[in-house]
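Commentary on secondary and tertiary structure
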Amino acid sequence: MKTIKGVNDFVIRFANVNGTGSASANNMFAKAIFRMGIPVSPKNIFPSNIQGLPTWYEVRINDQGYTGRRGGVDAVVCMNPQSMAKDIRDLEAGGYCIYDNTKPLDLRMVRDDIHFIGLPLTEICRKEYTQARQRQLFKNVIYVGALAALLDIEFGVLKDLVGEQFKGKEKLIAPNIHALELGYQYAREHYKCPLGIRVERRNVVGDRILMEGNAALALGAIYGGATVAGWYPITPSTSVVEEFEKYCGRLRIDPGTGQKKFAIAQAEDELAAIGLAIGACWNGARAFTATSGPGLSLMSEFLGLAYFAEVPVVLFDIQRAGPSTGMPTRTQQSDVLAAAYASHGDTRHVLLFPATPKECFDMGALSFDLADRLQTPVIVLSDLDLGMNDNLSEPLQWDDSRQYDRGKVLSATQLDELSGRFGRYLDVDGDGICYRTYPGTHPAKGSFFTRGTSRDEYAVYTEDGDAYQRNMERLLGKWETAKSLVPAPELHPARKATSDGVLFFGTSTASTLEALDLLREENIHLDGLRIRAFPFSDAVLEFIDAHDRIFVIEQNRDGQLRKLLIGECDINPRKLQALTYYAGMPITARYIRDAIRSGMGGGQVVPMRRQTAGVKP
Amino acid sequence: MTYIRPQFRHPNLPTNELGFTRQHYEGALSTLCAGCGHDSVSAAIIEACFELAIEPHRVAKISGIGCSSKTPTYFLGNSHGFNSVHGRMPSVATGANLANREMIYVGVSGDGDTASIGLGQFAHATRRNLNMVYIVENNGCYGLTKGQDSATADVGSASKKGDPNPYEAIDLCALALQLGATYVARSFSGDKAQLVPLIKGALAHSGFAFIDVISPCVTFNDTPQSTKGYEFVREHMEATGKMDFVPVRKEITADYEPGYTQEVTLHDGSVIHLYKEGADSVRDRDAALRAVREHKRRGRILTGLLYVNPDSQELHHILGTVKTALRDLGEADLCPGSQALTNINNSFR
Ligand SMILES: Cc1ncc(C[n+]2csc(CCOP(=O)(O)OP(=O)(O)O)c2C)c(N)n1
Ligand code: SF4
Ligand SMILES: [Mg+2]
């Protein structure tokens, strides 16, 4: 029988029932490997449900530093009878199935090409614990202990993690370590440890951190000076505001009075959430809201108002699988077009595409500068994969000499010094960006009326078509200015000159870069360009011009980024080949490699409609 | 077309404490229909702000969409204004207020804007006790879209279109009372003597001050069969009592007729005197609701100050925000700096 072998290079999946306390045990597993200096990338695959449905936790361990999903599973921990048949079927040949053998395995599930490792978890718990909840919780800890033996995880690292987890509840430390030991010893006594797959201490993590993108976005908002947040709960964006509140509670409390230097309002819906953020920004604060697809749809009227009335506002859209409620707990990059053109009329919005928690932090903070500078909405498009999974990332950094760019705002003194009449929508600098004033600045000067209806350069209502058109043209001029202010794309050149390229963004990045390496081993070379913002800067156009055939990789059905590129850059559609994946799990390196390989063979990559049918991610 | 009011100042115009004339509180020339009730409400707002000597730039005017929502252009030209989207003024006002608690927020809306498309936002701004004045210019119809019945139209009331309205009316004052508004009043655009002190009281109140002003639409809903027309309202309105508003630090100079029964001191120290008929306290929410319903049952419109709770805690108090306007905080207050970030990084290792 084939046996999968590998040191620091395998994928393990935990199949659990949600609500059974498996999450913290699974996190401890991933963290322990991370602490051993080995890159990990855990992915939560969870249902839209609170208790009782299947949930998976997939951890990729790879000391080459590949953190995208690879595709395929080498070991599975089967803790959910409901999903067990499929969990076993999905295992690679030569892989390992770790299961509870208190009861004998259903013969229909047996495969002769994989290794079965039984642990009598239920029985051990029955002997050790009296309470049902204890039995349920410790079962998880026991299998982590067994994995420590089976995979060679340093036991001391696990013990440290238990100590940290129960800091302040010291009574719980000993029982948890005991449970780890129960599993560890059982595995030791009954199996040859370690297995063919195992871990070994390395020093390749460096100073990197393991965190969720949503927490990083929240910190970006704090460091970026946001004081007001309006929101309405929706997965997977909820934790952005929860983390904002948590960190504000530590970092934004006035020491003297205990009062808050921030205000969070849980609104009645997403319309109110963004209305609130717009009201606050109009009044001179930095404000944001966070949402996901359904909320973005609801916010669209207000986004048009902010675009047209030129009110800065920041929106974090943590994308999930649409349309409609879609698959609310699965990931996608499918709000690109809806966000770019949210609202009726000729509207367009600045988009930022972070790929790592560090970039969530950087772009989170930057979005406020950009919104203020450009006086327009800025939408940060993250997604469930980046937002809610622990992602390996460069550490967050802040330059203490950095000042906020509040954009063109006139103070009372500047108003007094102004010769001539103040024109809120007068383009005095020729960059399409005009000067604004905050309400209440000056007793007699600088007031104006903000409205979504047409107005002239002095903010006076008008239905004069010429004035309307002048204004719309100026907004286009401002859009041009934006091109030089948004983050530039990131080039990943091939090692050999090539006329083939790939364009990608956000959470498709890690898998794409790995796929490019895999293809290079097959002597297939492609230049890569990671797009980081919309509007597209000139470098994007230059890249497209410099290549004959370009794959546009994205996690949605319709190739939305590709459409945006074709429409905005006036590109021959034949030049851009859609490479899409949208089944709701993060796209894998193997999938991209295979799709490019077959796409290079000729013409279309994979017929768009059949692309995911039957394809195992 | 732009409408800028000609700047001509008569030398003998009266000025207020700040030395401003009424003109200083005016806005652009109204473009509403001649006789529209909404213009009278604008005039009452101007009068109230003038008399209270409020610095115009300390006021922010926010509205939704509709003829009524256009009116902030027609008063307080030295204040910033924001004509937002239909039905969403409350959320914009909430955000604006959170950003800067030091200003005075005047929201103007219509009955369509508030009782239909914006009912949800109205309800939630109310229950948050947002510190603002919320005025609904209630004409029982959608003026700007040419006279369709609104959700405040009474059963049987008929506009120019002719068909009597078959649906139950939403009584915004009753709703505001139920939702926890801390200052609730109803008035009539044609009764300046009553409306001005009500607006003054609302401006001085700390918390959500709601005034439902019946404000006839002369073009679409001023028919003899309409319960929101001038004639009907004049004939059917009853007042809770006569009200005087005495701003903070002002001596009570007027001679009060014997028999005024109630006096309410507001948060900022100003005082409302109420010459009330019944014995119910103006601080009794249930009694206010009963009185509104009772009058409606009798086919009467109860106007005046219905309820006030001067001790309520507005949103900033509930949230526990700093006294400084959030928008005035800079990097030193807002950015925790690189050292804090080092600790945060460590927590993710
Ligand atoms: C989203 C949206 N739907 C519909 C409209 C059209 N509309 C403009 S004003 C209005 C009704 C206004 O009625 P009301 O608030 O009572 O104001 P009035 O004109 O009566 O003062 C409507 C439906 C709109 N502007 N926006
Ligand atoms: S249509 Fe009615 S509400 Fe609108 S301005 Fe004319 S009278 Fe006033
Ligand atoms: Mg109306």
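Residue numbering note: each chain is counted from 1, following its sequence as written. Chain labels run from A onward and ligand labels from 1 onward, assigned in the order the entries are written. Reporting in this predicted model follows two pLDDT cut-offs: at least 70 for local features of residues, and 80 or more for side-chain atom pairs to be given and counted; totals over whole chains, interfaces and linings ignore these cut-offs and use all residues. With hydrogens and water set aside, each side-chain value is computed from the structure's full complement of heavy atoms.

**Side note on the overall build of chain B**
Spelled out, the test is: Strands here mean DSSP runs of E at least two residues long; helices mean DSSP runs of H or I at least four residues long; both are numbered from the N terminus. Only the C-alpha atoms count toward the radius of gyration. The rule for a globule is 2.2 Å times the residue count to the power 0.38. For the exposure calls, accessible area comes from a 1.4 Å probe over protein chains only, and a residue counts as buried if that area is under 20% of its type's maximum, exposed if over 50%, partly exposed in between. Working rule for contacts: check all heavy atoms of both residues, and any pair within 4.5 Å makes them a contact. The Shrake-Rupley method, run with a 1.4 Å probe, gives the accessible areas here. Residue values count only the displayed protein chains as cover. Asp and Glu count as negative and Lys and Arg as positive, but His and the ends of the chain are not part of the count. The atom standing in for a charge is NZ when the residue is Lys, CZ when it is Arg, CG when it is Asp and CD when it is Glu.
Of the regular secondary structure elements, chain B holds 12 helices and 13 strands. At 21 Å, chain B has a C-alpha radius of gyration in line with the 20 Å of a compact globule built from 349 residues. Burial statistics for chain B: of 349 residues in total, 58% are counted as buried. Looking at chain B alone, contacts between residues at least 24 apart form 71% of all its contacts between residues at least 6 apart. Accessible area of chain B: about 13800 Å², with a carbon and sulfur share of 52%. With 33 positive and 37 negative side-chain charges, chain B shows a spacing of 4 Å between the two charge centroids.

**Focus on the site of ligand 2**
What counts is decided by this rule: Nearness of a residue to a molecule or strand requires only that one of the residue's heavy atoms be within 4 Å of it. Basically, the charged four are Asp, Glu, Lys and Arg, the nonpolar ten are Ala, Val, Leu, Ile, Met, Phe, Trp, Tyr, Cys and Pro, and anything else, Gly included, counts as polar.
Taken together, B:L32, B:C33, B:C36, B:H38, B:C67, B:N139, B:G143, B:C217, B:V218, B:T219 and B:F220 form the complete shell of residues around ligand 2. Residue composition of the shell around ligand 2, grouped by class: 7 nonpolar, 4 polar and no charged.

**Comments concerning the pattern of salt bridges**
Using the following cut-off: What counts as a salt bridge is simple: a side-chain nitrogen of Lys or Arg found within 4 Å of a carboxyl oxygen of Asp or Glu.
Under the counting rule described, the total for this entry stands at 59 salt bridges over all chains. For the salt bridge of A:D517 with A:R520, the shortest nitrogen-to-oxygen distance reads 3.1 Å. Of this pair, A:D517 and A:R520 both sit in helix α17 (residues 509-521), 3 residues apart, which is roughly one turn of that helix. Given the relative accessible area of 26%, A:R520 is considered partly exposed. With a closest N to O distance of 2.8 Å, B:R300 and B:E238 form a salt bridge. Here the residue B:R300 occupies a position in the loop between α9 (285-297) and β13 (301-308), and B:E238 occupies one in strand β9 (residues 237-239), the gap between them amounting to 62 residues. One connected set of salt bridges, linked through shared partners, spans A:R286, A:D369, A:D372, A:R402, A:R406 and A:R436.

**A short note on the sheet that holds strand β4 (residues 54-62) of chain A**
Residues and elements named next belong to chain A. Test applied: In this description, strands pair whenever DSSP reports at least two bridges between them. Throughout, an axis means a line fitted to C-alpha atoms (over the contacting stretch in the case of helices), and angles, computed between N-to-C directions, take values from 0 to 180 degrees.
Here 6 strands make up an open sheet; going across it, the order is β3-β4-β2-β5-β6-β7 and the pairing mixed. For this open sheet the edge positions go to β3 (40-45) and β7 (115-119), each flanked by a neighbour on one side alone. Direction aside, the axes of adjacent strands within the sheet are offset by 15° on average. In this structure, strand β2 (residues 9-17) lies alongside strand β5 (residues 73-78), joined through 4 bridges in parallel fashion. By the bridge assignment for β5, I12 is matched with A75.

**Side note on the domain arrangement of chain A**
Residues and elements named next belong to chain A. Convention followed: Note: domain ranges come from an automatic or database domain assignment. When two parts are brought into contact, each loses some accessible area as probed by a 1.4 Å sphere; the total of that loss over both is the buried area.
Partitioning chain A into structural domains gives domain 1 (6-198), domain 2 (211-393), domain 3 (412-485) and domain 4 (490-611). On a C-alpha basis, the centroid separation for the pair domain 1 and domain 2 is 35 Å. Every contact between the two is made by 13 residues of domain 1 and, on the other side, 11 residues of domain 2. Counting the surface lost from both domain 1 and domain 2, the interface buries some 920 Å², and carbon and sulfur atoms represent 56% of this.

**Observations regarding the coordination of the magnesium ion (ligand 3)**
All names here are of chain B. Quick note on the threshold: Water is not part of the atom set, so a site may look incomplete; the donors themselves are N, O and S atoms within 2.8 Å of the metal, or 3.2 Å for Na, K and Ca.
Every protein donor of the magnesium ion (ligand 3) is listed here as D111 (OD), N139 (OD1) and C141 (O), and their distances to the metal cover 2.0 to 2.2 Å. We note that the donor set of the magnesium ion (ligand 3) lies within a single chain, spaced as D-x27-N-x1-C. The exposure class of N139 is buried, given its relative accessible area of 4%. Classification of C141 as buried rests on a relative accessible area of 2%.

**Focus on the packing of helix α9 (residues 270-282) of chain A against helix α3 (residues 89-99) of chain B**
Here is the rule: By definition in this entry, angles of less than 35 degrees are roughly parallel, angles greater than 145 are roughly antiparallel, angles of 65 to 115 are roughly perpendicular, and the rest are oblique. Working rule for handedness: look at the near helix, and if it is turned counterclockwise from the far one by less than a right angle, call the crossing left-handed; if clockwise, right-handed.
Relative orientation of the contacting elements α9(A) and α3(B) amounts to 45°, with a least axis distance of 6 Å. In terms of their interaxial angle, α9(A) and α3(B) are classed as oblique. Note on packing geometry: the crossing formed by α9(A) with α3(B) is right-handed. Contacts between α9(A) and α3(B) involve A:L271, A:A272, A:G275, A:L276, A:G279, A:A280 and A:W282 from the first element and B:S91, B:V92, B:T94, B:G95, B:A96, B:L98 and B:A99 from the second.

**Description of the interface of chain A and chain B**
Counting from both sides, the interface comprises 72 residues of chain A and, opposite them, 56 residues of chain B. Among the residues of chain A in contact with chain B, A:E268, A:W282 and A:F449 are the three that bury the most area, contributing 12% of the side total. Elements represented by at least two residues in the side of chain A that touches chain B include exactly α1 (22-35), β9 (209-212), α7 (213-223), α8 (238-251), β11 (263-266), α9, α11 (300-309) and β17 (449-451) of chain A. At 8 residues, the largest contribution of residues to the side of chain A that touches chain B is made by α9(A).

**Focus on the packing of α7(A) against α8(A)**
Residue and element names in this part refer to chain A. Relative orientation of the contacting elements α7 and α8 amounts to 50°, with a least axis distance of 8 Å. It follows from the interaxial angle that α7 and α8 lie oblique. Handedness of the crossing formed by α7 with α8: right-handed. Along the contact surface, α7 presents N214, A215, L217, A218, L219, A221 and I222, while α8 presents S239, V240, E243, F244, Y247, C248 and L251.

**So, the site of ligand 1**
What counts here: As used in this structure description, the phrase polar contact means that two N or O atoms lie within 3.5 Å; if the pair is within protein, one of them must be able to donate a hydrogen and the other to accept it, and residues adjacent in sequence are counted only when both atoms belong to side chains.
The environment of ligand 1 is formed by 18 residues, the closest being B:S68, B:D111, B:G112, B:D113 and B:G143. Near ligand 1, the surrounding residues belong to chains A and B. For ligand 1, an oxygen atom lies 2.9 Å from a polar atom in the side chain of B:H38. With respect to ligand 1, the backbone of B:D113 contributes an N or O atom lying 2.7 Å from an oxygen atom.

**Side note on the sheet that holds strand β13 (residues 313-319) of chain A**
The strands that make up a sheet pair up through hydrogen bonds in the backbone, lying either parallel or antiparallel. Residue and element names in this part refer to chain A. Taken in spatial order, the 7 strands make up an open sheet running β11-β10-β12-β13-β15-β14-β21, and their pairing is mixed. Since the sheet does not close on itself, it has two edges, and those belong to β11 and β21 (533-534), each with one partner. Across 2 bridges, strand β10 (residues 228-231) lies against strand β12 (residues 287-291) in parallel orientation. Bridging across to β12, A229 finds its partner in F288.

**Quick notes on the packing of aromatic side chains**
What counts, and what does not: Pairing of aromatic rings covers Phe, Tyr and Trp, the last counted by its six-membered ring, and requires centre-to-centre distances within 6.5 Å; plane angles under 30 degrees mean stacked, over 60 mean edge-to-face, and any other angle means tilted. Distance and angle both matter: a charge sits over a ring if NZ of Lys or CZ of Arg is within 6 Å of the ring centre and within 35 degrees of the ring normal.
Under the definition given, this model contains 30 aromatic pairs over all chains. Ring geometry for B:F188 versus B:Y230: centroids 6.0 Å apart, planes at 65°, classification edge-to-face. Here the residue B:F188 occupies a position in strand β7 (residues 183-188), and B:Y230 occupies one in helix α8 (residues 230-236), the gap between them amounting to 42 residues. B:F188 sits in the buried class, given a relative accessible area of 2%. Of the aromatic side chains, those joined through ring pairs into one cluster are A:F244, A:F262, A:F288, A:F316 and A:F368. A:R455 extends its terminal NZ or CZ atom over the ring of A:F308, reaching a point 4.6 Å from the ring centre.

**A word on helix α19 (residues 560-569) of chain A**
Residues and elements named next belong to chain A. A large share of α19 lies buried, amounting to 7 of its 10 residues. Those residues of α19 lying buried are Q560, L561, R562, L564, L565, I566 and C569. The elements touched by buried residues of α19 are α12 (336-340), β19 (500-504), β21, α18 (538-546), β22 (549-554) and β23 (576-580). Looking at the residues trailing α19, positive phi occurs at D570, about 55°.

**Re the environment of A:R135**
Residues and elements named next belong to chain A. Looking at the element boundaries, R135 is found in helix α4 (residues 132-151). A relative accessible area of 29% places R135 in the partly exposed class. For the pair R135 and C125, spaced 10 residues apart in the sequence, the C-alpha separation amounts to 5.2 Å. Discounting residues that sit within four places of it in the chain, R135 has contacts with C125, R126, Y129 and T130.

**Description of helix α13 (residues 357-374) of chain A**
One turn of an α-helix holds 3.6 residues; hence residues three or four places apart share an orientation. Rule in force here: What a helix should span is 1.5 Å times the count of its residues minus one.
With 18 residues, α13(A) should reach 26 Å at 1.5 Å per residue; the first-to-last C-alpha distance of 25 Å fits that figure. With its phi angle positive at about 50°, A:Q375 sits one or two positions after the end of α13(A).

**Focus on the pairing of strand β2 (residues 80-83) of chain B**
Consecutive side chains along a regular strand alternate between the two faces of the sheet. Judged by which residues are buried, β2(B) turns out to be covered on both faces: B:H80 and B:F82 on one side and B:G81 and B:N83 on the other are all buried. Across 3 bridges, the pairing between β17(A) and β2(B) is parallel. Looking across to β2(B), one finds that A:R451 is bridged to B:N83.

**Some thoughts on unusual backbone geometry**
Residues and elements named next belong to chain A. In this structure, P194 follows C193 across a cis peptide bond, with omega equal to -5°. Within the element layout of this structure, P194 appears in the loop between α6 (173-190) and β8 (197-198). Positive phi values are uncommon outside glycine, yet N523 reaches one of about 65°.

**A word on the environment of A:F14**
Residue and element names in this part refer to chain A. Among the structural elements, F14 can be located in strand β2. A sequence separation of 66 residues divides F14 from N80, and the C-alpha atoms of the two residues are 9.1 Å apart. Setting aside chain neighbours within four positions, we find F14 in contact with N26, F29, T55, W56, Y57, V59, V77, Y143 and L147.

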